[in-house]
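Now for the letters of each chain:
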Amino acid sequence: MAVREAEPVGSLQEVKEVGLDREDLLAMYRSMLITRGLEERGHILYKQGKIPGSFYTGRGNEAASVGVATAMGPNDVGTPLHRDMGVHVVRGMEPWRVFANYMGREDGPTRGRDGNVHMAMAELGLHTMVSHLPAMLPVATGMALAFKIRGDKRVALGWFGEGSAGRGDAHEAMNFAGVRELPMVFICDNNQWAYSTPTYLSYPVEHIADRAAAYGFEGVVVDGTDVLAVYREARRAIEKARDGGGPTLLECLTLRMEGHAVHDDAFYVPKEMFERWAAYDPIERYRSWLYDQAELTEDEESELTATVKRLLSDALDRAEASPQPDPATLEESVFASVEDLDTPHHK
Amino acid sequence: MAEMTYIQAISDALRLEMRRDPRVFVLGEDVGVYGGAFKVSLGFQEEFGPWRVIDTPLSETAIVGGATGAALMGLRPVAEMQFADFISCAWDHLVTVAAKQFFRARTPVPIVVRLPSGGGFSGGPFHSQNPETSFAHIPGLKIVCPATPHDAKGLLASAIEDPNPVLFFEHKHLYRRIKGEVPDDRYTVPFGHARVHRPGDDATIITWGAMVHTASEAADELAKEGFEAEVVDLRTLIPWDKDRVLEGVQRCSKVLVLHEDTRTAGFGAEIAATIAEEAFEHLDAPVVRITAPDTPVPFAPPLEKAFLPQVEDVVSALRELAAY
Amino acid sequence: MSTGTQTEVVMPQMGVSVSEGTITKWLKQVGEAIGRDEPLLEISTDKVDTEVPSPAEGVVAQILVEEGATVEVGTVLALIAPAGAEVAPPVSAPEAPAPAPQEVPPAPVAVPEPVAAASAPAPEAPAPAAPPEPAPAPAAAATQAQAGNGKTFVSPVVARIAAEHGIDPSAVPGTGTGGRVTKKDILGFIESGAAAAPPPAPEPAPAAVPPPPAPAPAPEPVAAAPEPAPAPAAPAAAPAPEPVPAAAAPPPSPVAPPAPPPQAPAPPAPAPVAGELVPGEELQPMTAMRRGVMEHMRRSVDTAAHVTSAIEVDMARVVALRSKLKPELSNQKVNLTYLAFIARAAVDTILDYPWVNGELRGQSIVTRPFVNLGIAVALDEGKGLIVPVIRNAQDLNLTGTARSIQDLAERARTKKLLPDDVQGGTFTITNPGSFGTFHGTPIINQPQSAILGTYALVKRPWVVQDELGNDVIAIRPIMNLTLTYDHRLVDGAYAGMFLRDLRDRLESWDEAAY
């Protein structure tokens, strides 16, 4: 079973065939703008000393994250990572809560308990990542196992990067999911750099998706800067899993357009590489497509841009008003009580 | 009420929980058709089907990580490590994910990991360990170490009910050696409540797991000499019954802490330190620790005997305490 | 972060491990306008070089760290004022790096004022204005505890039970290793009733207890002895295991008692603090010394039946005599205080009233032909109270008494008291009068039976008889003295007679006799 390299999406007609109307298309664009806006603002907040710790962004990954998340069903679940802000945005996490988590405030989803980009809201079907990548892959596999045991028509998505593909967790998760044909999609954000390690020092085959064959399922490589192509491939994989077709490994090829974190200037990435990929900026690319194929007007665009700007500005104000967590509560939530089990995600 | 072995009691508890709660399922290596390396789940697959008694690949990380994911989706997984020693392969998933998920995200992770542990049968360095202390140090994990069939059944029911990750250390040496009366119906034994295995007022022996029986034999020996030591079975290390331990120290003033795990930074050190902090003025002798030495568990029988605390070791320590 | 209307620009943390950064270039100068998020400066860290965007729109009001300076993460680098705000013109160069700790002017140190002798002619305190540290007592006790009783180690639980029952562990037959007293031994000993009888070896009682927080001389309540051990038995009963040094009267046993340190009181278990704090209240842990006071004061009140009697003393003769002797003694480097006079007279009077200097021990009464006189000495800032003891005070004349008080006070102040200096007191004097108080009810220093309080010396109109026997009003220096005694042993009449005789001694001071 060879890896399939997905074609780009061409016309509006093609898009409609995969289930997106014009409103969906504009919503995706808006989500990408919010995603980038959040991270650009976060970058500034970090340099202003308002965000403690280190800070990571997913510049260059907006299409991959928004495309996959848009393809998820309402009851599907996933474990997105620090380059996948678009997944949180699409699933409905309000920007002010993102800022609150960036700044370690009480209203961030982790209430200041975990690092600024470690966040997810279980009620939106997303579960918080850990730093030990890709430790959430076996967890997502367990989620899919639960669906399989119960016969739920739900799908679990597990994210990882090409760097963390080197760890045993990735192997164990994919092997188990393959053996049990679990309703699952493995999403590899291949942004070509694991901190400073290039792909040829991370894996010896052409694509991460090549590995899928070893686990008995399909591997697909898609241009991660093409949001519509990502959407189409994610949707296929998700629906296949929902219909009992087992897992898929979907590799979204992008370039990490910034350093590993804000403190890293990525001097080790060849300049030409940045220049080449800058021509494929996911947002710019999609914007052109919308003008060419979906009759986006300048009025529409400027209204959209202004709405997003206002949204983020209000969000930041609200997040800055969120209190710091109370140290007296530190020891309160180490252990769960029985009442804590009665949360919506836990059904 | 029926007489059961320790392992029968564990099996009984698990079967009752699976009958009672459809969310409970078992996963692990060879747990299905084979019934588990120690046959705890023998016959389960016939009763509950292959999707509630799941044979996994040889993948401890996927077993514990998968259990975590299934728990987050509302199931109550009971994962089996074939031997407690192999939990090291899944350390990350217990310590990094399961233990911290509720603290970070307020999403409980109600999983149980069953861990056949302990030595005494030449299992060697990788089939004999007692790694409970390593996990007792990790905030967010609960640690259970039953010593009797009655407790094994009741504590496993509590573990499955508990909304947190619970490590259930079942001692292999007790599996078929220890028998006791066990109620037929389901019952729970709460965490954090020590049990007096044997009463006495002259010294208090604090221990858990297989060492409860070692302590008891030694205490019986000393009773012949007129020295009555109580044996306190902690049952759970996280949470541990500090109040009961301190009460025993206040009453007896002589203390022996006994565990099968190795010495340095063992859980006995935590107990001894707590006694020093909170009951210093009730001590009539130094706190004595009897533990395995700081070595891997050896294979050859004479070496393993030297490694594991023996009844005679406890007897001689008690004699010294009596004379002190 | 804003200070008033100005916004602070801080050194950002460019990576988890980065703790500092260097300013490479200011892109704006003081007075220049800047937009929010517009680059304000460039920094360099060991991980990355970057621009720092302005956190606010406005005018650069102040640059606090110059180019080239390396400062810690979080350091304020500049202040941005709102547009239109008055901004001081740029100074020739940016100020020195902000993080350099500012020069802090020496904080005014609260120095306790010297006792004002003129306005309040109180008896001069043995402890001057800069009182000593509390350390000597615990140190002394520790030394003592380690010295052992020649048998062996006393376990914590035995020490505690001994303390609770006032038993000398060395009096208990031991069955443990090397004859050690076990918990069973001491519990059996108590049950047998043996504890009520005087133990075979006498036990000095160290007296070192903290006072209420008062900065100067001697505070009111006198410490109860923290030691459970009984005071020295009559010398006849004291087997001296070692040759007694060349002191006149037999001292308490030279063998240090194996009792626990007095500053390590024994709360059986830390009791949880009850009640919630209301806003503004503050909770702070109690020092071991404070806990010592708490327990020993409580124990004394629970033990003794406290009664206080007071008497007024015309100190005219003493005042006159002191003025006369002071310069002379001063040459001998002896500071003659009123306390020395009172101590001297009290010791003489005690010899006529032995129960005041006695002790209840079980069903028996201990009396002695010697007086080991405790003098309460307050430590600085409420740190504690030490009651050093003048041994065999009955053998000292006025000068010797003054010299001893001075010596003990000096050594208390310089932390040079020895264990023996705070043990074995049989009677205590406390001197709260230096604040002007004219009356008080001190607490007895257990296991003693009485404590003498001395109060302010004040000039008062006083009815006296002239040469013709007529009553006239004169101005006399009057001092109140109180005796607080344990009514279980000392009755009111006995105490009254003691005070009367003490007054008579002071009022008719016979110079020749001293």
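Rules behind the numbers
Residues numbered from 1 in each chain as written. Chains lettered and ligands numbered in written order. Predicted model: local features only at pLDDT ≥ 70, side-chain atom pairs only at ≥ 80, totals over all residues. Helix = DSSP H or I, 4+ residues; strand = E, 2+ residues; numbered from the N terminus. Buried ≥ 20, exposed ≤ 12 C-beta atoms within 10 Å, placed from the backbone. Contact = placed C-beta atoms within 7 Å. Nonpolar A, V, L, I, M, F, W, Y, C, P; charged D, E, K, R; others polar. Pairing = 2+ DSSP bridges. Axes fitted to C-alpha atoms, helices over the stretch in contact; angles between N-to-C directions. Parallel < 35°, antiparallel > 145°, perpendicular 65-115°, else oblique. Left-handed = near helix turned anticlockwise from the far one by under 90°. Expected span 1.5 Å × (residues − 1). pLDDT = per-residue confidence, 0-100. Right-handed = clockwise from strand over helix to strand, strands pointing away.

Caption draft 1: Seen up close, the overall build of chain C. In terms of regular secondary structure, chain C is built from 8 helices and 19 strands. Scored against the burial criterion, the 514 residues of chain C give a buried share of 46%. In chain C, 73% of the contacts between residues at least 6 apart in sequence involve partners at least 24 apart.

Caption draft 2: Examining the interface of chain B and chain C more closely. Each side of the interface is counted separately: chain B has 10 residues, and chain C has 11 residues. In terms of residue class, the side of chain B that touches chain C is made up of 5 nonpolar, 2 polar and 3 charged.

Caption draft 3: Looking closely at the sheet that holds strand β14 (residues 288–292) of chain B. Residue and element names in this part refer to chain B. Across the sheet, which stays open at both edges, the 5 strands sit in the order β9-β11-β10-β13-β14 with mixed pairing between neighbours. The two strands at the open ends of the sheet, each matched to only one other strand, are β9 (195–198) and β14. Along the sheet, successive strands turn relative to each other by an average axial angle of 25 degrees, direction set aside. Sheet topology places strand β13 (residues 255–262) next to β14; 4 bridges connect them, and they run parallel. Bridging from a neighbouring strand, Leu256 pairs with Val288 of β14. Across the sheet, helix α9 (residues 267–278) is in contact with β10 (203–207), β13 and β14; its angle to β13 comes to roughly 155 degrees.

Caption draft 4: Seen up close, the interface of chain A and chain B. Across the contact, 41 residues belong to chain A and 34 residues belong to chain B. Among the elements that make up the side of chain A that touches chain B, the one with the highest residue count is helix α6 (residues 136–150) of chain A (11 residues). Here the residues of the side of chain A that touches chain B sort into 21 nonpolar, 13 polar and 7 charged.

Caption draft 5: Quick peek at the packing of α6 of chain A against helix α7 (residues 168–179) of chain A. Residue and element names in this part refer to chain A. Relative orientation of the contacting elements α6 and α7 amounts to 15 degrees, with a least axis distance of 8 Å. By the criterion of interaxial angle, the relationship of α6 to α7 is roughly parallel. With respect to the hand of their crossing, α6 and α7 are arranged in left-handed fashion. Contact residues: α6 offers Leu137, Pro138, Thr141 and Ala144, while α7 offers Asp169, Ala170, Glu172, Ala173, Phe176 and Ala177. Looking at the contact of α6 with α7 residue by residue, the class counts come to 7 nonpolar, 1 polar and 2 charged.

Caption draft 6: Looking closely at unusual backbone geometry. Cis geometry is found at the peptide bond from Ile238 of chain B to Pro239 of chain B, where omega equals -5 degrees. Note that Pro239 of chain B resides in the loop between β12 (236–238) and α8 (242–252). Residue Pro447 of chain C is bonded to the preceding Gln446 of chain C through a cis peptide linkage, with omega at 5 degrees. Among the structural elements, Pro447 of chain C can be located in the loop between β17 (427–430) and β18 (450–465). Despite not being glycine, Ala266 of chain A shows a phi value in the positive range, around 55 degrees. By the element assignment, Ala266 of chain A lies in the loop between β8 (248–253) and α11 (271–278). Unusually for a residue other than glycine, Lys333 of chain C sits at a positive phi of about 65 degrees. Mapped onto the elements, Lys333 of chain C comes out in the loop between α5 (316–331) and α6 (338–350). Overall, the presence of 8 C-beta atoms within 10 Å leaves Lys333 of chain C in the exposed class.

Caption draft 7: Highlighting the sheet that holds strand β4 (residues 184–190) of chain A. Residue and element names in this part refer to chain A. Reading across the sheet, the 6 strands line up as β1-β7-β8-β4-β3-β2 and stay open at both edges, with parallel pairing between neighbours. Looking at the sheet topology across the chains shown, the edges are occupied by β1 (4–5) and β2 (77–79). Strands β4, β7 (218–223) and β8 of the sheet are contacted by helix α10 (residues 227–242), whose axis makes an angle of about 170 degrees with β8.

Caption draft 8: Molecular detail of the environment of Pro125 of chain B. Residues and elements named next belong to chain B. Its location among the elements puts Pro125 in the loop between β5 (112–117) and α5 (132–136). Pro125 gets classed as partly exposed once you count the C-beta atoms within 10 Å, which come to 13. For Pro125 and Pro298, which are 173 residues apart along the polypeptide, the C-alpha to C-alpha distance reads 5.8 Å.

Caption draft 9: Summary view of helix α3 (residues 60–72) of chain B. Residue and element names in this part refer to chain B. Between the first and last C-alpha of α3 there are 18 Å, a value that for 13 residues agrees with the 18 Å anticipated at 1.5 Å per step. Summarising burial for α3: 13 of the 13 residues are buried, a large majority. Downstream of α3 by one or two residues, Gly74 has phi in the positive range, about 100 degrees.

Caption draft 10: Broad picture of the environment of Asp501 of chain C. Residue and element names in this part refer to chain C. Mapped onto the secondary structure, Asp501 falls in helix α8 (residues 492–507). Note: C-alpha distance between Asp501 and Ile350 (151 residues apart in sequence) is 9.6 Å. Not counting residues within four places of it along the chain, the set of residues in contact with Asp501 comprises Thr349 and Asp352.

Caption draft 11: View of the confidence of the model for chain C. Residue and element names in this part refer to chain C. For chain C, per-residue confidence averages 74 on the pLDDT scale, and 66% of positions sit at 70 or higher. Helix α1 (residues 136–147) is the least confidently modelled element of chain C, averaging 37 in pLDDT, while strand β10 (residues 306–314) averages 95, the highest of any element. Low pLDDT (under 50) marks residues 91–151, which in the prediction has 130 contacts with non-local residues, meaning those over four places away or in another chain. In this model residues 197–273 is a low-confidence stretch, pLDDT under 50, and it forms 233 contacts with partners more than four residues away in sequence or in other chains. Scored as a whole, the predicted complex attains pTM 0.67, and scored at its interfaces, ipTM 0.93.

Caption draft 12: Summary view of the environment of Ala278 of chain A. Residue and element names in this part refer to chain A. Take Ala278: it is sitting in helix α11. Judged by C-beta crowding, with 12 C-beta atoms within 10 Å, Ala278 ranks as exposed. A C-alpha to C-alpha distance of 9.0 Å links Ala278 and Leu255, two positions 23 residues apart in sequence.

Caption draft 13: Structural detail: α7 of chain A. Residues and elements named next belong to chain A. With 12 residues, α7 should cover 16 Å at 1.5 Å per step; its first-to-last C-alpha distance of 16 Å lies within 8% of that length. By the burial criterion, the buried members of α7 are Asp169, Ala170, Glu172, Ala173, Met174, Phe176, Ala177 and Gly178. A positive backbone phi angle near 45 degrees is found at Glu181, which sits one or two residues after α7.

Caption draft 14: Highlighting the pairing of strand β11 (residues 229–233) of chain B. Residues and elements named next belong to chain B. Most of β11 sits out of view: 5 of its 5 residues are buried. Residue alternation in β11 divides its side chains into two sets, Ala229, Val231 and Asp233 and Glu230 and Val232, and both sets are buried. Alignment of β9 against β11, held across 3 bridges, turns out to be antiparallel. Along β11, the bridge assignment pairs Arg195 with Asp233. In this structure, β10 lies alongside β11, joined through 5 bridges in parallel fashion. Paired with Ile206 across the two strands is Val232, which belongs to β11. Viewed along the sheet, the connection from β10 through helix α7 (residues 211–223) into β11 turns out right-handed.

Caption draft 15: Expanded view of the packing of helix α5 (residues 95–102) of chain A against helix α13 (residues 298–320) of chain A. All names here are of chain A. The contact between α5 and α13 brings their axes to 8 Å, and the two run at 45 degrees. In terms of their interaxial angle, α5 and α13 are classed as oblique. Of the two possible hands of crossing, α5 and α13 adopt the one that is right-handed. Residues Pro95, Trp96, Phe99 and Ala100 of α5 lie in contact with α13, whose contacting residues are Leu311, Leu312, Ala315, Leu316, Arg318 and Ala319. When grouped by side-chain class, the residues that make up the contact of α5 with α13 number 9 nonpolar, no polar and 1 charged.

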